[in-house]
Amino acid sequence: STLSTLRRIDLFGNMLGSTLPAGIGSLTSLDLLDLEENMLSGELFTAELLSLTNLRALRASFNQFIGTIPTEIGLLTELRQFWFAENMITSTIPNLIFPCSDMVWISKLPEWPITP
């Protein structure tokens, strides 16, 4: 794919309304995915998203994503920023996320427990 070397996607604040595009998993060099402040919906943690092993920053706050945070997020060992506040994600953060990376920033709703 000609986009396989793409490293950053910044769609912050564009009022996009859709779901994660099929084929996002083919962006194997992606290290930043900023989807904040749009109207995106559907599952955030698709198998394709979880295959982006070079991802260092996932910013998805202020959308309408649904679902839970799967334990497979621990496979994203390069992930340092994980922002997902103000969505409809209904789970706690899996403990696996902590030993698998040097996480420096997690943005979440205050009532959700984080237990390393």
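Residues numbered from 1 in each chain as written. Predicted model: local features only at pLDDT ≥ 70, side-chain atom pairs only at ≥ 80, totals over all residues. Heavy atoms only, no water.

(A) Structural view of the confidence of the model for the protein chain. Scored by pLDDT, the protein chain has a mean of 83; 78% of the residues are at 70 or more. Of all the helices and strands in the protein chain, strand β8 (residues 105–107) carries the lowest mean pLDDT, 57, while strand β2 (residues 32–34) carries the highest, 96. Counted against residues more than four places away or in other chains, residues 110–116, with its pLDDT under 50, gives 13 contacts. (pLDDT = per-residue confidence, 0-100. Helix = DSSP H or I, 4+ residues; strand = E, 2+ residues; numbered from the N terminus. Contact = heavy atoms within 4.5 Å.)

(B) Region of the structure containing unusual backbone geometry. Even without being a glycine, M15 presents a positive backbone phi close to 60°. If you trace the backbone, M15 turns up in the loop between β1 (8–10) and β2. The exposure class of M15 is exposed, given its relative accessible area of 54%. Backbone geometry at E37 places phi at a positive 55°, although glycine is not the residue there. When you line up the elements, E37 lands in the loop between β2 and β3 (41–43). According to the relative accessible area criterion, E37 is partly exposed, its value standing at 36%. (Buried < 20%, exposed > 50% of the residue type's maximum accessible area, 1.4 Å probe, protein only.)

(C) Quick look at the nonpolar core. By size, the foremost hydrophobic cluster in this structure holds 25 residues, and its most contacted members are L33 and F45. Not counting residues within four places of it along the chain, the set of residues in contact with F45 comprises L50, L58, T68, I69, P70, I73, F82 and I89. (Core = buried A, V, L, I, M, F, W, Y, C linked by side-chain atoms within 4.5 Å.)

(D) The pattern of salt bridges, seen in detail. Under the definition given, this model contains five salt bridges. For R80, the salt bridge identified is with E78, shortest N-O distance 3.9 Å. By relative accessible area, which is 16% here, R80 ends up buried. Overall, E78 belongs to the partly exposed group, its relative accessible area being 29%. Connected via shared salt-bridge partners are R7, R8 and D31. (Salt bridge = Lys/Arg side-chain N within 4 Å of Asp/Glu carboxyl O.)

(E) Just the pairing of strand β5 (residues 64–67), in detail. Where burial is concerned, the two faces of β5 differ: the one with F65 and G67 is buried and the one with Q64 and I66 is not. With three bridges connecting them, β3 and β5 associate as parallel partners. Across the sheet, G42 pairs through a bridge with F65, a residue of β5. (Pairing = 2+ DSSP bridges.)

(F) Molecular detail of the sheet that holds β5. Within the open sheet, the three strands sit side by side as β3-β5-β7. Their pairing is parallel. Each edge of the open sheet is held by one strand with a lone partner, namely β3 and β7 (88–89).

(G) Molecular detail of the packing of aromatic side chains. A full pass over the atoms with the stated rule returns two aromatic pairs. Residues F45 and F82 carry aromatic rings whose centres are separated by 5.9 Å and whose planes lie at 75° to one another, so their mutual orientation is edge-to-face. Of this pair, F45 sits in the loop between β3 and β4 (57–59) while F82 sits in strand β6 (residues 81–83), placing them 37 residues apart in sequence. Assigned by exposure class, F45 and F82 land together as buried. These aromatic residues form a ring-pair network of at least three members: F45, F82 and F84. Against the face of W83 rests R59, its NZ or CZ located 4.7 Å from the ring centre. (Phe/Tyr/Trp six-rings, centres within 6.5 Å; stacked < 30°, edge-to-face > 60°. Lys NZ or Arg CZ within 6 Å of the ring centre and 35° of its normal.)

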